[in-house]
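Take a look at the letters that make up each chain.
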Amino acid sequence: MNYFFTVQYLNLYRSLDRYFRYVLNEKLTLLTEKSAIPEDNSKIYVLDTEKYDDRFLKIISEMHKYHLILLGINEGDPIDLIHATCLRNEITRVLASDPPVEVYKPDELKDKLKLLFRGHGEQTLLGCLGEVYYYLWNYSEMAKTGSWPAEGLNEWFLMPGKRNLMEFTRRFTKYAPILSLAGYSEEEKIIKRNLNLLNLDLLKTKEANSLYIFNSETLQSLQEIITFLEKMASEIDRKQDETNPADHR
Amino acid sequence: MENKILLINWRFSDLNLPSIYKVEDDNSAKIIFSAYKNDDLEQFTSLVKKILNNNKVLILTHTNQPNNISIDLLKTQLNNNSEKLKIRGFEGGFGKVYYSEGKGIILADGDPENDGNTLLYCLQHALVNDNDNDNDNDTIKKDNFDYVWNYYWDQLELEYQKKKIIDLFLPLFIDIKILNHISAKEKNTAYLNEVKTEYTESYFGKLKKGWKEIKNILAPDQSPEVLEEQFQLTSEEKVLLSSSQLEEFSNIQSVSALSEWFPQVVDMLNTKIDQDQSHIA
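Residues numbered from 1 in each chain as written. Chains lettered and ligands numbered in written order. Predicted model: local features only at pLDDT ≥ 70, side-chain atom pairs only at ≥ 80, totals over all residues.

Enquirer: Give me the lowdown on the overall build of chain A, citing residues and values where you can.
Expert: When its secondary structure is counted, chain A shows seven helices and five strands. Mapped in sequence order, the helices and strands of chain A form the string β-α-β-β-α-β-β-α-α-α-α-α. For 249 residues, the compact-globule estimate of 2.2 N^0.38 gives 18 Å, and chain A exceeds it by more than 25% at 23 Å. Taking the principal axes of its C-alpha atoms as reference, chain A extends roughly 80 × 45 × 30 Å. Counting across all 249 residues of chain A, residues that qualify as buried make up 29%. Relative to all contacts within chain A whose residues are 6 or more apart in sequence, the contacts with residues 24 or more apart total 63%. (Helix = DSSP H or I, 4+ residues; strand = E, 2+ residues; numbered from the N terminus. Rg over C-alpha atoms; globule rule 2.2 N^0.38 Å. Buried ≥ 20, exposed ≤ 12 C-beta atoms within 10 Å, placed from the backbone. Contact = placed C-beta atoms within 7 Å.)

Encoded structure:
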């Protein structure tokens, strides 16, 4: 099956659909965030300018196997919609290429991931997670002593810890598909699993009438997330040094 | 949180400047009005540095008398290479910042000798009506703010205009390729019937309207250039841009000339954009 993802160019989709039907004798289905996830091994066409759209990344991150085909308007793009003398031949050539043309270039992914860690002018990702650890660890340790009032600990430590965790989860979820594409899919899965464990245990703080003592695995899960992210951040920085030494001059 | 801050520097005569105004139904947007002259550049840049703070800041400054602000100098002073700061100039009554037909912000037809340059006079049509407290009305209508912001922040970017051109013409361009491919009579008829429902009179009406808007920015006929100097098209480039007789487009079969013209225009714009980026690098 052929799919075309777009949010901005619906007129273009209709023209491409006609091209597929009248010239290639195939069907091109519009892929949107509301569509069902395409079946494995589908051919998915996307414009260069929309390949980093969050909705698109979410769709492909939920697929196991797919063939991404990048459409552009510049000479040198895998399929150049404007300059190709015969679009049909170009599509055939790209589909037959083995391995498929790389849609996400390592440098572009690294730049995106640097944004994940650095934040868009906000606190760094590790800084945000550090706050989560600080507040939740203190909450847990003080709760164990039994000598602190529940109200105070909730206000001083539990609530700020939860707020920072929500912020971390929001930022991580947005970039999770890019982590997978950049070769960190195992780490991404483990972090997601650990975040679930953490959130499940935190839910129990609502149910508990008094102070809640975290499960021993909870803070361990949090520490594991920090370790993974520190390793990734250092690798991404190192890769940047290797590929772009001029940036640091 | 990232705010949108519009700073309009003009010949306002109020004494309590700079003055901050809110925007209707938009807590993330603000407008600051000021009246810095070229002698006050240090104070002007100091204000901008204070408000940058990870916000999107759009400066619109009057460039001739009495402000005489040099855009180049202002950019140099602000070491402007941020995607979050844009500096545009306006002068001589030209520009969307001026209030006209319900749009824009500054009404500039007042008598300077008679409070005609005060915020009270110049913003009279752009303010939200506040019957309860007429003397303390500091909220600009959202439509007027959005109109000015969208024009100066987005539309005056060559990249934005390129996207508009692609959005308008790439679908047609692909359909012309289809026309060149299909020859069998039945297929041809089916195809033409299908595109007739797509490319209706109203479609071509929208296309002409969109094209006129693009030309007003890339190749203005009479009004002064609105793009920054490095993006302005040469006379040859303007000839290329205007060489397609879009006014005559009425159906899909009348647009075949587009297949040569469209790639040339996109290439020309790409070259222009690349030149600017390599200049920055």
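Enquirer: Can you break down the interface of chain A and chain B residue by residue, with the values?
Expert: Counting residues at the interface gives 17 residues for chain A, matched by 20 residues for chain B. Per-element tally for the side of chain A that touches chain B: the top contributor is helix H1 (residues 10-22) of chain A, with eight residues. Residues belonging to the side of chain A that touches chain B are distributed by class as follows: ten nonpolar, five polar and two charged. (Nonpolar A, V, L, I, M, F, W, Y, C, P; charged D, E, K, R; others polar.)

Enquirer: Describe the nonpolar core, with residues and values.
Expert: Of all hydrophobic cores here, the largest spans 78 residues; its most connected members are Phe4(A), Leu16(A), Tyr19(A), Ile44(A), Val46(A), Val132(A) and Phe173(B). With near-sequence residues (within four places) excluded, Phe173(B) lies in contact with Ile82(A), Leu258(B), Ser259(B) and Phe262(B). Counting 36 residues, the second largest nonpolar core, distinct from the first, contains Tyr21(B), Ile87(B), Tyr99(B) and Cys122(B). (Core = buried A, V, L, I, M, F, W, Y, C linked by C-beta atoms within 7 Å.)

Enquirer: Break down unusual backbone geometry for me, citing the residues and quoting the values.
Expert: Residue and element names in this part refer to chain B. In this structure, Pro-18 follows Leu-17 across a cis peptide bond, with omega equal to 0°. Across the junction of Gln-65 and Pro-66, the peptide omega takes the value 0°, indicating a cis bond. Of note in the backbone geometry, Glu-101 takes a positive phi value of approximately 50° without being a glycine. Counting through the fold element by element, Glu-101 comes out in the loop between strand S5 (85-90) and helix H3 (119-122). Classification of Glu-101 as exposed rests on a count of 5 C-beta atoms within 10 Å.

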